[in-house]
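Summary of structural features
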Amino acid sequence: MFSLSRKTRKLYYEDVYLSECVATIVKVQGNAIELDRTVAYPEGGGQEADQGVIVLDDGREMRFVDARKMYGNALNMPNFPDIQVDGIIEHVIHESDVMLLRDAKPGSEVIVRIDRLRRAQLSLSHTASHLMYLGVCDVRPDAITGTIGCHIKPSGARFDFVVETRFAPDEVREVARIANAYVARGSEVKVYPHPDYLDARYWECEQRVIPCGGTHISSTTPIGPIQIQRKSLGRGKDRLSCEFRESMADPAWFHP
Ligand SMILES: [Zn+2]
């Protein structure tokens with residue numbers, strides 16, 4: 001596989017609360033800009049990317065609408081089937097701001113700043129999705145082995161499963177009961193890297209561990225009540241979606 005010797009330093013793993021950093025422009029290609037370091041979490045593991053602004057050295061701001069990880073190296077570790085380490089991160093510039101890329105010269109310094117509310121919502125949503133997933137582990141372990149995808153948005157998350165038997169309504173209710181019990185207990189959530197690979201990371205709550213490189217919140221409390229729904233995706237495929245309407249409607253848990 002093609003890989004690059006250069007890599008972007010992932011400050012979002014070194015300090016999960018960092019929302020801004022100084023960086024140096026490495027390359028501009030099309031509508032995207034590569035920096036030597038960034039606080040912007042790129043799309044990965046089903047979690048949508050951060051968005052924000054890149055401030056040029058003359059003070060003008062370019063919005064970025066996506067961040068994507070490229071040219072990583074496969075690690076081939078058990079429990080991390082698809083993980084890629086190292087690689088570069090490109091920030092995709094909003095179409096109305098791309099003309100500013102003419103003045104983005106490699107070697108010059110910029111400031112990268114993410115939309116903190118969006119990051120917090122994604123982190124809450126991602127944490128909630130794991131609680132739903134733990135419920136599925138308990139209620140329908142057969143579905144876990146048939147997990148075929150997930151998508152984590154600020155307002156909700158979903159998992160898709162290949163199943164021989166559909167989720168029955170009482171099974172969906174039991175998954176929701178288990179997920180909400182984690183919230184009610186206000187359990188601590190820990191994230192930490194593999195001792196050898198900063199990019200290979202774990203999420204842990206009540207001694208239950210999931211390999212995951214996404215962003216999360218540190219307690220289950222802010223999630224509030226979780227609503228879970230099942231949807232058929234056609235023959236042999238079920239989707240479980242979770243939402244948390246109370247915490248979305250009133251993000252009092254968010255401290256800018
Ligand atoms: Zn996660």
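Everything that follows concerns the structure shown earlier in this document.
The following refers to the structure shown.

This next bit is on the coordination of the zinc ion. Protein coordination at the zinc ion comes from His126 (NE2), His130 (NE2), Cys212 (SG) and His216 (NE2), with a distance range of 2.0 to 2.2 Å. Mapped onto the sequence, the residues coordinating the zinc ion show the spacing H-x3-H-x81-C-x3-H. Separated by 90 residues along the polypeptide, His126 in helix α2 (residues 116-139) and His216 in the loop between β15 (208-211) and β16 (227-232) bring together distant segments of the chain. No difference in accessibility class separates His126 from His216, as the two residues are buried.

In total, this model carries 7 aromatic pairs according to the counting rule given. The interplanar angle of 65° and the centroid separation of 4.7 Å between the aromatic rings of Tyr12 and Tyr13 together place this pair among those described as edge-to-face. Taking relative accessible area as the criterion, Tyr12 reaches 2% and is therefore assigned buried. You can call Tyr13 buried: its relative accessible area is 10%. Judged by centre distance (4.9 Å) and plane angle (35°), the rings of Tyr133 and Phe159 are tilted. One end of the pair, Tyr133, is in helix α2; the other, Phe159, is in strand β12 (residues 156-162), with 26 residues separating them in the sequence. Assigned by exposure class, Tyr133 and Phe159 land together as buried. Through pairs of rings, three or more aromatic residues link up here, namely Tyr133, Phe159, Phe161 and Phe167. Over the face of the ring belonging to Phe167 we find Arg140, whose NZ or CZ atom lies 4.9 Å from the ring centre. Here Arg185 stacks its cationic end above the ring of Tyr182, 4.8 Å away from the centre of that ring.

Calculation criteria
Residues numbered from 1 in each chain as written. Predicted model: local features only at pLDDT ≥ 70, side-chain atom pairs only at ≥ 80, totals over all residues. Heavy atoms only, no water. Donors = N, O, S within 2.8 Å, 3.2 Å for Na, K, Ca; no water. Helix = DSSP H or I, 4+ residues; strand = E, 2+ residues; numbered from the N terminus. Buried < 20%, exposed > 50% of the residue type's maximum accessible area, 1.4 Å probe, protein only. Phe/Tyr/Trp six-rings, centres within 6.5 Å; stacked < 30°, edge-to-face > 60°. Lys NZ or Arg CZ within 6 Å of the ring centre and 35° of its normal.

Shape is all these values report; function is a separate question.
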